[in-house]
Amino acid sequence: MSRLRPKVVLWWGICLVALYLVLTFTVPGLAYAANGNGGDGANALDQAMLGTLFTLLSTVNMIAPFLGVALIGASIVMFYVEKNLIRPTLDPVVTEKENIGVTEPDASS
């Protein structure tokens, strides 16, 4: 059975939410700078590449906050499950304190 890793899931969620915030503030500026009136006009290939890039960034920008918040919630559930529902594994080595009162069966019995 694999071990739960809620801290990793929590950090992935936080990173996705941070990515959403960064993209929210940078994509409009990039779009404005790319479509500005400076210099000569862009050709069809430039427009296709920009369209593909902005479509990809917009898609990530739409998905990232929901997936990030879901991962943060999942990590909270994983912390709860790990703490309360999964029993710790028992150590096979028995110490002398735990062995008090336990006797070995005799050969006569």
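Residues numbered from 1 in each chain as written. Predicted model: local features only at pLDDT ≥ 70, side-chain atom pairs only at ≥ 80, totals over all residues. Heavy atoms only, no water.

Regarding the environment of Trp12
Looking at the element boundaries, Trp12 is found in helix α1 (residues 6-34). Placed 63 residues apart in sequence, Trp12 and Ser75 show a C-alpha to C-alpha distance of 9.7 Å. (Helix = DSSP H or I, 4+ residues; strand = E, 2+ residues; numbered from the N terminus.)

What to know about a nonpolar patch on the surface
A contiguous nonpolar patch, built from Leu19, Leu56 and Val60 and spanning about 230 Å² of accessible area, is present on the exposed surface. Positionally, Leu56 belongs in helix α2 (residues 44-85). (Patch = residues over 30% accessible without salt bridge, like charges linked within 9 Å, V, L, I, M, F, W, Y side chains within 5 Å. Areas by Shrake-Rupley, 256 points an atom, 1.4 Å probe, with all protein chains shown as cover. Salt bridge = Lys/Arg side-chain N within 4 Å of Asp/Glu carboxyl O.)

What to know about the environment of Thr24
Looking at the element boundaries, Thr24 is found in helix α1. Overall, Thr24 belongs to the partly exposed group, its relative accessible area being 29%. Each C-alpha atom of the pair Thr24 and Leu57 lies 9.6 Å from the other, and the pair is 33 residues apart in sequence. (Buried < 20%, exposed > 50% of the residue type's maximum accessible area, 1.4 Å probe, protein only.)

Side note on α2
Here α2 contains 42 residues, and its C-alpha end-to-end distance of 59 Å stays within 8% of the 62 Å for a straight helix at 1.5 Å per residue. Listing the buried residues of α2 in full gives Phe54, Leu57, Asn61, Ala64, Pro65, Gly68, Ser75 and Met78. (Expected span 1.5 Å × (residues − 1).)

Section: the side chain of Ser75
With respect to the helices and strands, the residue Ser75 is situated in helix α2. Under the relative-accessibility criterion, Ser75 is labelled buried at 0%. Excluding residues that lie within four positions of it along the chain, Ser75 makes contacts with Pro6, Val9 and Leu10. (Contact = heavy atoms within 4.5 Å.)

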